[in-house]
Amino acid sequence: MEVILQNLTKKFPGRGRKNPDEVTAVNDFNFEIPDGSLIGLLGPSGCGKSTTLHLISGLLKPTSGKIFFGEDDVTGLPPENRGIGLVFQNYALYPHLTVKQNILFPLENLKGKDKLSKQEMLEKAQEAARLVQIDGLMERKPGELSGGQQQRVAIARALVKMPRVLLLDEPLSNLDARLRLQTREEIRRIQQETGITTIFVTHDQEEAMSISDQIVVMKDGIVQQTGKPQEVYDDPLNLFVAKFLGNPQINVFHGEIKGNRLYIGEDAVLDIQGTEREVYVGIRPEGFVPKADGPLSCGLRGVEVMGRDISVVTFNKASLAPAVRSIISTENMADIGSTTARFAVLPHKVYLFDKETEERIYYKTEAVGQ
Ligand code: ADP
Ligand code: MG
């Protein structure tokens, strides 16, 4: 089911003397979610992710704008008539019911022509349980399950009516690191197996990047950028998006374009064609190449070996953060000095941003001296 958000806006009124200001939680959201895709809705806490999800589910009414499921304008429909499945962070299972009863619950409330026979209900519950691989646990109570298993039950319960759209709000946040990884792969598998259009909300960029067909990056209720995860990572439109995606974070320096060179401090790091101005220079950790006569000079703080790669932690007066993090391969280690590290920078890993607006500035560059 294709989902279309049209100028979707949600304002919350101020609450009393302590919070007198109106909050625009979602501000003119426009997006078309292709049928059968998994969308990662991503942004820091408070940016409007849950509000967006609740608008799509019908739990909240928009202040303005419209929502379509395919051809249907669902903006005025109550949640139960939209054909959605919802999963929250805290599972929200009924503790006194068994797994089977929890999964059956949404089916038992069907009325009129949708009403199912006992046998049909059991078959559907069994099928949903099989999808999330908990069909062996049907007689247990939620208290007898691990967090990961409880979340699977919650997903099965959301799937049992075969929703048109599956909405997941930070579904992995309560799980430990290993289960988080495993369950996110599971969610991807289930989504691909069922073909249900899915919106997955998270504040974790890695989570969203790893399983989404497209990501939507939000800040302060406003969509910053949408696209395939790798495209957004490779081509961020502003400093916020550049910083939000990637671990370790992109390194940001005060820089200047002067005489067809890009300077970081005193170091001319790239040849560049562009207007003379001050800029922010963002360099991805993988954009540094250790080189004895490299143009960028940094003080060495430490070296962390992480299996195949090495993280070289340095400092530089022009850096906004106290540490500059680069990821290099082990073979290049020989080129790191004992107190200083010199780097060449890869032009396609360097991004420039306007110092006022923090919007991306596009330019042509080459490595110095080429
Ligand atoms: P996220 O899920 O990205 O953390 P939310 O959508 O929950 O963010 O919240 C977005 C903004 O809207 C926040 O500033 C939050 O305080 C505000 N907000 C959310 N729900 C309400 C509400 N019911 N009343 C007033 N303000 C709200
Ligand atoms: Mg939220």
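This text gives an overview of the structure that appears in the document. (Residues numbered from 1 in each chain as written. Chains lettered and ligands numbered in written order. Predicted model: local features only at pLDDT ≥ 70, side-chain atom pairs only at ≥ 80, totals over all residues. Heavy atoms only, no water.)

A closer look at the pattern of salt bridges
Between side chains of opposite charge, pairing is possible as soon as their charged atoms come close.
Then, number 1: For the structure on display, the rule yields 19 salt bridges.
Then, number 2: The closest approach of N and O atoms between Arg360 and Asp235, which form a salt bridge, is 2.8 Å. Of this pair, Arg360 sits in strand S21 (residues 360-361) while Asp235 sits in the loop between helix H7 (229-234) and helix H8 (239-244), and the two are 125 residues apart along the sequence.
Then, number 3: The residue Glu286 makes a salt bridge to Lys349 at a minimum N-O spacing of 3.1 Å. One end of the pair, Glu286, is in the loop between strand S14 (277-283) and strand S15 (288-290); the other, Lys349, is in the loop between strand S19 (340-345) and strand S20 (350-354), and 63 residues separate them in sequence.
Then, number 4: Residue Glu286 is classed as partly exposed on the basis of its relative accessible area, which comes to 27%. (Salt bridge = Lys/Arg side-chain N within 4 Å of Asp/Glu carboxyl O. Helix = DSSP H or I, 4+ residues; strand = E, 2+ residues; numbered from the N terminus. Buried < 20%, exposed > 50% of the residue type's maximum accessible area, 1.4 Å probe, protein only.)

Side note on empty space enclosed by the protein
Then, number 1: Evaluated as defined, the whole model comprises one cavity of 30 Å³ or more.
Then, number 2: Of the pockets and cavities examined, the largest cavity occupies roughly 40 Å³.
Then, number 3: As for the largest cavity, its lining consists of Leu5, Phe29, Phe31, Ile33, Ile39, Leu41, Thr52, Ile199 and Val216.
Then, number 4: When residues of the lining of the largest cavity are traced back to their parent elements, those giving at least two are strand S2 (23-33) and strand S3 (38-42).
Then, number 5: With three residues, the top contributor of residues to the lining of the largest cavity is S2.
Then, number 6: For the lining of the largest cavity, the per-class residue count stands at eight nonpolar, one polar and no charged. (1 Å grid on protein atoms, 1.4 Å probe; cavity = no way out; pocket = protein on both sides within 12 Å on 5 of 7 lines; lining within 4 Å. Points joined across faces, edges and corners; volume = space filled by probe spheres on them. Nonpolar A, V, L, I, M, F, W, Y, C, P; charged D, E, K, R; others polar.)

Concerning helix H3 (residues 118-131)
Then, number 1: Between its terminal C-alpha atoms H3 stretches 20 Å, which fits the 20 Å expected from 14 residues at 1.5 Å a residue.
Then, number 2: Those residues of H3 lying buried are Met121, Ala125, Ala128, Ala129 and Leu131. Angular distribution of buried residues about the axis of H3 spans 155°; they occupy a single face of the element.
Then, number 3: The positive-phi residue at the C-terminal boundary of H3 is Gln133, with phi of around 60°. (Expected span 1.5 Å × (residues − 1). Arc of directions from axis to C-beta.)

Such coordinate-based values are descriptive only and should not be taken to indicate function.
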